[in-house]
Amino acid sequence: MGEEANPIHLFRQLHHHYGPQHWWPSESPFEVMVGAILTQNTAWERVETAIENLRVNQLLSVEGILSVSQSELAELIRPSGYFNLKSKRLQGYCSWYMEHEEQLWKMDTNRLREALLGVNGVGPETADDILLYAFERPVFVVDAYTRRIFQRTGILSGDESYEPIRSRVEQAFSAEGGEIRVQQFNEFHALIVAHAKQHCRTRPLCDGCPLRCGYPSTQASSR
Ligand code: SF4
């Protein structure tokens, strides 16, 4: 494996090209949690509309979300898609969060991750979104964009499951202190999303790409 296939090198290249991204676009840890659940299988722009609906109705709080019926909540978050399922998940998450909030903030990262994964509808990516962006823990989020870019740049061979990818990146950055890693993982995930949208799309736009990774030219038609 050469230097190009190193997560830290990839992070530096993307950061040099795109600059700081300043994520997560939210106003509070709880809003991050709501966004992490609503963004499952949906573009972020649609989630923003759903969150705005909650905000203007003064329901963007644990108490607010639990104060309405599931069908009322589903109607408000309709723009985020899968709104019946997500309304059920969101209310389930809020009940759980309200019951355990104080202990959660004191838990170490591994225990907190296990607790989050025990909530209905919270899978590894959602749990890690919440850990990183709401609880500010040094956790790397793996999403479909991460897999795509890691595969094309040779960091992954293609069939790795979620956990090996996450731990590989976290180990690569382990020499840094916790607070620095939180900032780095925040930036890295945001940079990956930016790169996946601007260049490394499903059909990649390799012209002008800062990585020039050598992804097979037969698949990398740039127009
Ligand atoms: S060169 Fe093409 S395939 Fe490689 S990272 Fe850039 S856009 Fe993606």
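Look up: the structure comes first, before these words.
Cut-offs and rules
- Residues numbered from 1 in each chain as written.
- Predicted model: local features only at pLDDT ≥ 70, side-chain atom pairs only at ≥ 80, totals over all residues.
- Heavy atoms only, no water.
- Near = heavy atom within 4 Å.
- Nonpolar A, V, L, I, M, F, W, Y, C, P; charged D, E, K, R; others polar.
- Helix = DSSP H or I, 4+ residues; strand = E, 2+ residues; numbered from the N terminus.
- Buried < 20%, exposed > 50% of the residue type's maximum accessible area, 1.4 Å probe, protein only.
- Core = buried A, V, L, I, M, F, W, Y, C linked by side-chain atoms within 4.5 Å.
- Contact = heavy atoms within 4.5 Å.
- 1 Å grid on protein atoms, 1.4 Å probe; cavity = no way out; pocket = protein on both sides within 12 Å on 5 of 7 lines; lining within 4 Å.
- Points joined across faces, edges and corners; volume = space filled by probe spheres on them.
- Salt bridge = Lys/Arg side-chain N within 4 Å of Asp/Glu carboxyl O.

(A) How the structure looks around the site of the ligand. Looking at the ligand, the residues that line it are Arg152, His195, His199, Cys200, Pro204, Leu205, Cys206, Cys209, Leu211, Arg212, Cys213 and Tyr215. Residues belonging to the shell around the ligand are distributed by class as follows: eight nonpolar, two polar and two charged.

(B) Structural context of unusual backbone geometry. The phi torsion at tyrosine 82 lies on the positive side, around 45°, for a residue other than glycine. By the element assignment, tyrosine 82 lies in the loop between helix H5 (70-76) and helix H6 (83-106). Of note, glutamate 136 is a non-glycine position whose phi angle comes to about 55°, a positive value. With respect to the element layout, glutamate 136 can be found in the loop between helix H8 (124-133) and helix H9 (144-152). A relative accessible area of 57% means that glutamate 136 is categorised as exposed.

(C) Molecular detail of the nonpolar core. By size, the foremost hydrophobic cluster in this structure holds 65 residues, and its most contacted members are Val34, Leu54, Tyr93, Tyr97, Leu116, Phe150 and Phe188. By residue number, the principal contributor to this core is helix H2 (residues 29-38), which donates seven residues. Those residues in contact with valine 34 that sit more than four places away from it in its chain are Ile51, Leu54, Leu60, Ile65 and Leu90.

(D) Geometry of the environment of proline 210. Within the secondary structure layout, proline 210 lies in the segment after helix H11 (178-198). In the structure, proline 210 is positioned 192 residues away from tyrosine 18 in sequence and 9.3 Å away in space, judged by C-alpha atoms. When residues no more than four places from it in sequence are discounted, the contact partners of proline 210 are Gln13, His17, Tyr18, His195 and His199.

(E) Seen up close, the layout of surface pockets. As a volume, the largest pocket reaches approximately 630 Å³. Forming the boundary of the largest pocket are 23 residues, of which Thr39, Thr42, Glu125, Asp143 and Tyr145 lie nearest the centre. For the lining of the largest pocket, the leading source of residues is H11, giving five residues. Across the lining of the largest pocket, the residue classes tally to eleven nonpolar, seven polar and five charged.

(F) Looking closely at the environment of valine 68. Locating valine 68 in the fold gives a position in the loop between helix H4 (62-67) and H5. By relative accessible area, which is 17% here, valine 68 ends up buried. In the structure, valine 68 is positioned 23 residues away from glutamine 91 in sequence and 9.4 Å away in space, judged by C-alpha atoms. Valine 68 has contacts with Leu59, Leu73 and Gln91, leaving out every residue within four places of it along the chain.

(G) Layout of the pattern of salt bridges. Counting across every chain of the model gives nine salt bridges. With a closest N to O distance of 2.9 Å, glutamate 163 and arginine 166 form a salt bridge. Remark: arginine 166 and glutamate 163 occur in helix H10 (residues 162-172); sequence separation between them is three residues, near one turn of the helix. By sharing partners, the salt bridges in this structure join Arg113, Asp128, Glu163, Arg166 and Glu170 into a single network.

(H) The arrangement of the environment of lysine 86 in detail. Within the fold, lysine 86 resides in helix H6. You can call lysine 86 buried: its relative accessible area is 2%. Residues lysine 86 and glutamine 40, spaced 46 residues apart in sequence, show a C-alpha to C-alpha distance of 8.8 Å. Once residues within four sequence positions are removed from consideration, lysine 86 is found in contact with Ile37, Leu38, Thr39, Gln40, Thr42, Ile77, Ser80 and Gly81.

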